[in-house]
Amino acid sequence: MGYIGTLARAIPKDGWKFTGFPLFCVEPQFCSGDLETRFAMTSRSSIRRLGAPLVAFFLTIWPPVHAVADAGKVGVVSFGLYGDQGVFRSEATGAAQVVAGRFETGPISVEYNSKKGGSATIEALAKSLQTTANRLDAEKDVLFLILTSHGSPDGLAIKAGRLTETLTPSRLRDMLAKTGVRHKVVVISACYSGVFIPRLATPDVLVITAADERHPSFGCQDKAKWTYFGDAFFNVALRKAVSLKDAFLDARSLVRKRELREHFEPSNPLMAGGADVLPLLVGRP
């Protein structure tokens, strides 16, 4: 956790683009209070000044790990959509790092918004998905999308300065279909995120959500590093689980225990689809 925090603080305000080999509550009353990765980072502002030392640091601390035999690459797109709370920026960044540490990773794109603005918009998401997909083998590789924001029964809230948008399940489905990549994973960390499952989940698309379609999820404090689900799934379970299914089952149990302890109504995280995707995603030893 110490190293992740250090990296997050070093990220410029306009964000990093990670390239390499290697929820949130709609209403405030619902809120409560060994990375192993290889990647090269290019910043839109200062790769010479900051990027190279960070790359050298991480390669020193975490040497390369060999990929699982015959596994395809995982292209990661991670967006923190709601700029008014820093937890979404932190979670989008941290989740991408964890995924990069667990799988043989191809291109990685991380974007987030802030109170002043940002580039994590619907248009930018469509472009990022397509750009990442163009660098993957359409049949062998996996496109791994992470979205973190506030949610509602209509979809995901996007807030970048004065810009406000809603990413609907139908819009996201169309974006993913246009990429041309067969196998996809979509992890949505937001209230009511289960509304995306009927539109997205198929044998070729695995969908994991922080909540069902009728309930909020929790942990969207401005200065938090993770939401409840993001912490349980990415920060704890995925770091050690062999498969995404195991990580989800562990995370669901952790979230339920925390909600019971803090007297919240269950958010009911969900996992659907992905029968043809799960065998492709075996974590590094």
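Please refer to the structure placed before this passage.
Here the structure is a predicted model, which is why all the values come from computation and not from measurement. Numbers given to residues run from 1 along each chain, matching the order in which its sequence is written. Under the rules for a predicted model, residues below a pLDDT of 70 receive no local features and side-chain atom pairs below 80 are neither given nor counted, while totals for whole chains, interfaces and linings still include all residues. Side-chain measures were taken over the full set of non-hydrogen atoms in the model, leaving aside hydrogen atoms and water.

The sheet built from three strands is open, its strands ordered 7-8-9 with antiparallel pairing. Bordering the open sheet on either side are strand 7 (151-152) and strand 9 (163-167), each of which pairs with just one other strand. Strand pairing requires that DSSP identify at least two bridges connecting the strands. Strands here mean DSSP runs of E at least two residues long; helices mean DSSP runs of H or I at least four residues long; both are numbered from the N terminus. Where strand 8 (residues 155-160) lies against strand 9, five bridges are found, and the strand directions are antiparallel. The residue bridging Leu-156 from the neighbouring strand is Leu-167, located in strand 9.

Moving on: the packing of aromatic side chains. A pair of Phe, Tyr and Trp rings is counted when the ring centres sit within 6.5 Å of each other, with Trp represented by its six-membered ring. The angle between the planes then sorts it: under 30 degrees is stacked, over 60 is edge-to-face, the rest tilted. Taken as a whole and assessed by the stated rule, the structure comprises six aromatic pairs. Centroid distance Phe-218 to Phe-264: 4.3 Å. Interplanar angle 10°. Geometry classified as stacked. Pair noted here: Phe-218 is in the loop between strand 11 (205-209) and helix 7 (228-240) and Phe-264 is in the loop between helix 8 (244-261) and strand 12 (270-273), with a separation of 46 residues, a long-range link. Only protein chains enter the accessibility calculation, which uses a 1.4 Å probe; a residue is then buried when its area is under 20% of its type maximum, exposed when over 50%, and partly exposed in between. Look at Phe-218 and you get buried, because its relative accessible area is 4%. On the numbers, 5.6 Å between centres and 5° between planes, the contact of Phe-229 with Phe-233 is stacked. Residue Phe-229 and its partner Phe-233 are both found in helix 7; the two are separated by four residues, about one turn of the helix. Every member of this aromatic cluster is reached through a ring pair, and the members are Phe-218, Tyr-228 and Phe-264. By definition, being over a ring means that NZ of Lys or CZ of Arg is both within 6 Å of the ring centre and within 35 degrees of the ring normal. Stacked on the ring of Tyr-228, the Lys or Arg Arg-258 has its end atom at 3.7 Å from the ring centre.

Turning next to the environment of Gly-155. Following the sequence through the fold, Gly-155 ends up in strand 8. Looking at Gly-155, the relative accessible area reads 2%, which means it is buried. On a C-alpha basis, the gap between Gly-155 and Thr-166 in space is 6.1 Å, while along the polypeptide they are 11 residues apart. The contact criterion used is simple: two residues touch if any of their non-hydrogen atoms lie within 4.5 Å. Ignoring sequence-local partners within four residues, the contact set of Gly-155 consists of His-150, Thr-166, Leu-167, Thr-168, Pro-169 and Phe-196.

Quick look at the environment of Ser-149 now. Mapped onto the fold, Ser-149 is located in the loop between strand 6 (142-148) and strand 7. When the C-alpha atoms of Ser-149 and Ile-188 are compared, they prove to be 8.3 Å apart, with 39 residues separating the residues in sequence. We call two N or O atoms a polar contact when they sit within 3.5 Å, provided that within protein one can donate a hydrogen and the other can accept it, with sequence-adjacent residues counted only if both atoms are side-chain atoms. Polar side-chain contacts of Ser-149 include one of 2.4 Å to the backbone oxygen of Ala-157.

In this description, a line fitted to the C-alpha atoms serves as the axis of each element, helices being fitted only across the stretch in contact, and the angle between N-to-C directions of two axes falls anywhere from 0 to 180 degrees. Between helix 3 (residues 86-102) and helix 7, the shortest axis-to-axis distance is 10 Å and the interhelical angle comes to 15°. Here helix 3 lies roughly parallel to helix 7, going by the angle between them. The way helix 3 lies across helix 7 gives a crossing that is left-handed. Facing helix 3, whose interface residues are Glu-91, Ala-95, Val-98, Val-99 and Arg-102, helix 7 presents Gly-230, Asp-231, Phe-234, Leu-238, Arg-239 and Lys-240. Here the contact of helix 3 with helix 7 is built from residues that sort into five nonpolar, one polar and five charged. Roughly parallel refers to an angle under 35 degrees, roughly antiparallel to one over 145, roughly perpendicular to one between 65 and 115, and oblique to any angle outside these ranges. Handedness of each helix crossing follows the sense of rotation of the near helix against the far helix: counterclockwise by less than a right angle gives left-handed, clockwise gives right-handed. Only Asp, Glu, Lys and Arg are considered charged, only Ala, Val, Leu, Ile, Met, Phe, Trp, Tyr, Cys and Pro nonpolar, and every remaining residue, Gly among them, polar.

This part covers the pairing of strand 3 (residues 74-80). When a strand is regular, its side chains alternate between the sheet's two faces. In terms of burial, strand 3 is a largely internal element, seven of the seven residues being buried. Two elements, strand 3 and strand 4 (residues 105-114), share six bridges in a ladder whose sense is parallel. In the strand pairing of strand 4, Val-77 is matched with Ser-109. Crossover handedness is defined here as right-handed if the route from the first strand over the helix to the second strand goes clockwise, with the strands pointing away from the viewer. As for the winding sense of the linkage, the β-α-β connection from strand 3 through helix 3 to strand 4 is right-handed. Strand direction decides the pairing type here: strand 3 and strand 6, joined by seven bridges, are parallel. Counterpart to Ser-78 in the pairing with strand 6 is Ile-146.

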